[in-house]
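Next come the chains, spelled out residue by residue.
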Amino acid sequence: MNLLQNISLKSYNTFGVSVNAKRFIAVTSFYELQQLLKTEKELFLLSGGSNMLLTTDIEKLVVFLNIKGISIDKEDDNFAYLTVNAGENWHEFVLWCISQNYGGIENLSLIPGNVGTCPIQNIGAYGVEVKDVITKVEGLTIDAEKSVQFSNSACKFGYRNSIFKNEQKGKVILTSVSFKLTKNKHHLNTSYGAIDAELTSKNILEPTIKNISDAVIAIRKSKLPDPKEIGNSGSFFKNPVITKTQFEQLQKEFPTVPSYTISETEVKVPAGWLVEQAGYKGKRFGDAGVHAKQALVLVNYGDATGQEIYKLAQDIQKKVFKIFGIPLEIEVNIIE
Ligand code: EPU
């Protein structure tokens with residue numbers, strides 16, 4: 001383990017925000033992490049850096065979790081059971097699964113970040129959430145350096161939510177995630193309109209998991225900015241869930257409002273639509289802005305500070321609330 005001092009975290013977060021880390025250490029094994037925890041408890045954990053907005057320099061020891069490795073725990077005729085260490089890149093893992101014909105996460109192609117953080121916000125896209133394939137999450141407690149396991153139900157997964165954002169926040173470092181994936185009879189999920197359209201345009205009638213992954217990659221590339229080109233953290237806000245009664249009122253005033261039914265009493269409204277209606281789509285304020293093709297994504301055109309991006313987010317929240325009376329909840333972790 002090599003301790004670095006006073007380094008910029010610009011290349012360690014997908015927003016590309018430059019803040020200073022006083023002390024920085026990369027950890028490459030479970031053992032190293034356990035050793036480190038014996039002497040250091042005040043840590044700032046960094047993984048793929050894809051779901052955070054850094055607004056200030058980091059005084060705590062920054063621990064870059066870089067534990068790699070994929071193991072096949074068990075295989076039978078129908079399923080493969082895998083355990084993947086936290087530092088594996090999510091999209092590379094998805095592509096590897098597709099090359100092995102392991103199905104279940106193809107709809108989650110091209111999501112930035114690492115495997116170790118996928119359970120925290122229960123990543124989801126195009127009709128699939130990672131909770132659908134996770135069997136177990138393992139970690140290390142910060143206080144007692146003890147290894148802990150969470151079954152799928154113990155993770156208390158919800159829409160962009162889990163126990164790791166709530167009761168377990170700051171208490172456990174996730175070190176590996178276990179998955180159950182299909183080897184045949186894949187449950188293909190093409191119901192999300194854009195996927196169907198993409199497959200039809202390519203004349204694909206009986207898609208493979210690779211076809212679906214390719215379709216998702218094409219759709220994401222057409223709408224979402226590549227963090228390597230323009231700094232961003234994917235959806236900045238959650239899609240708000242409102243009551244059906246509230247929705248009916250809203251619909252009277254804004255007849256074109258899109259929606260997804262959640263239950264008999266609840267409706268989800270796309271935050272991207274709300275932000276667009278509030279006039280922010282494609283707007284730029286210095287180097288901070290709102291993506292021109294998807295208003296749910298805030299972007300850093302180069303040298304925006306975390307505070308500038310956060311200020312823009314707060315302005316959007318205020319305007320959306322003023323127009324629609326709907327509070328927009330920030331999905332990205334704000335580091336203050
Ligand atoms: N819309 C607009 N204007 C916009 C963007 C969207 O009017 O600028 C409306 C359109 O009516 C569109 C609807 O919103 O039909 C939904 O848009 P989209 O299909 O792009 O999905 P989303 O609800 O905006 C969610 C996830 C994305 C995920 C997509 C696809 C959240 C917070 N975001 O976005 O996740 O890729 O669905 O499943 O749930 C992420 O979390 O980083 C992320 C990109």
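Conventions used here
- Residues numbered from 1 in each chain as written.
- Predicted model: local features only at pLDDT ≥ 70, side-chain atom pairs only at ≥ 80, totals over all residues.
- Heavy atoms only, no water.
- Helix = DSSP H or I, 4+ residues; strand = E, 2+ residues; numbered from the N terminus.
- Polar contact = N/O pair within 3.5 Å; in protein donor to acceptor, adjacent residues only side chain to side chain.
- Contact = heavy atoms within 4.5 Å.
- Pairing = 2+ DSSP bridges.
- Axes fitted to C-alpha atoms, helices over the stretch in contact; angles between N-to-C directions.
- Near = heavy atom within 4 Å.
- Areas by Shrake-Rupley, 256 points an atom, 1.4 Å probe, with all protein chains shown as cover.
- Buried < 20%, exposed > 50% of the residue type's maximum accessible area, 1.4 Å probe, protein only.
- Core = buried A, V, L, I, M, F, W, Y, C linked by side-chain atoms within 4.5 Å.
- Domains from an automatic or database assignment.

**Remarks on the side chain of H291**
Step number 1: Mapping H291 onto the fold places it in the loop between strand 18 (288-290) and strand 19 (297-300).
Step number 2: Among the polar contacts made by the side chain of H291, one reaches the main-chain carbonyl oxygen of K223 at a distance of 3.1 Å.
Step number 3: Ignoring sequence-local partners within four residues, the contact set of H291 consists of K223, L224, P225, K281, G282, V297 and V299.

**Looking at the sheet that holds strand 16 (residues 266-268)**
Step number 1: Taken in spatial order, the three strands make up an open sheet running 14-16-15, and their pairing is antiparallel. Taken across any chain shown, the strands that pair with only one partner, and hence form the sheet edges, are strand 14 (241-243) and strand 15 (260-261).
Step number 2: Bridge count for strand 15 against strand 16 is two bridges, and the pairing is antiparallel. If you follow Y260 over to strand 16, its bridge partner there is K268.
Step number 3: Packed on one face of the sheet, helix 5 (residues 244-253) meets strand 14 and strand 16 and runs near 90 degrees to strand 14.

**Re the site of the ligand**
Step number 1: In the neighbourhood of the ligand, 23 residues make up the surrounding shell, with Y126, Y159, Y192, S235 and E276 lying closest.
Step number 2: At 3.0 Å from an oxygen atom of the ligand is found a side-chain nitrogen or oxygen belonging to K223.
Step number 3: E276 has a polar side-chain atom sitting 2.6 Å from a nitrogen atom of the ligand.
Step number 4: Isolated, the ligand exposes 820 Å² of accessible area, and the fraction of that covered by the protein chains is 82%.
Step number 5: Elements represented by at least two residues in the shell around the ligand include exactly strand 8 (124-125), helix 4 (209-223), strand 13 (231-235) and helix 6 (271-277).
Step number 6: If one sorts the elements of the shell around the ligand by residue count, helix 6 sits on top with three residues.

**Structural notes on the environment of G127**
Step number 1: In this fold, G127 is placed in the loop between strand 8 and strand 9 (128-129).
Step number 2: Among the residues examined, G127 registers a relative accessible area of 49% and is labelled partly exposed.
Step number 3: Along the backbone, G127 and G193 are 66 residues apart, and their C-alpha atoms lie at a distance of 9.9 Å.
Step number 4: The residues touching G127, leaving out its near neighbours within four places in the chain, are N189 and Y192.

**Some thoughts on the nonpolar core**
Step number 1: Residues L9, F236, F237 and I316 are the most contacted members of the largest nonpolar core, which totals 49 residues.
Step number 2: Looking at which domains feed residues into this core, each of domain 1 (4-65) and domain 3 (231-335) gives three or more.
Step number 3: In contact with F236, not counting residues within four places along its chain, are F15, L53, L296, L298, I309, A313, I330, E331, V332 and I334.
Step number 4: Core analysis: the second largest hydrophobic core is formed by 39 residues, W90, F93, I111 and C118 among them.

**Some remarks on the sheet that holds strand 18**
Step number 1: Ordered in space as 13-19-18-17, the four strands form an open sheet in which the pairing is antiparallel. A strand with exactly one partner marks an edge of an open sheet, and here the two such strands are strand 13 and strand 17 (284-285).
Step number 2: In terms of strand pairing, strand 13 meets strand 19 through three bridges, oriented antiparallel. By the bridge assignment, N232 is partnered in strand 19 with V299.

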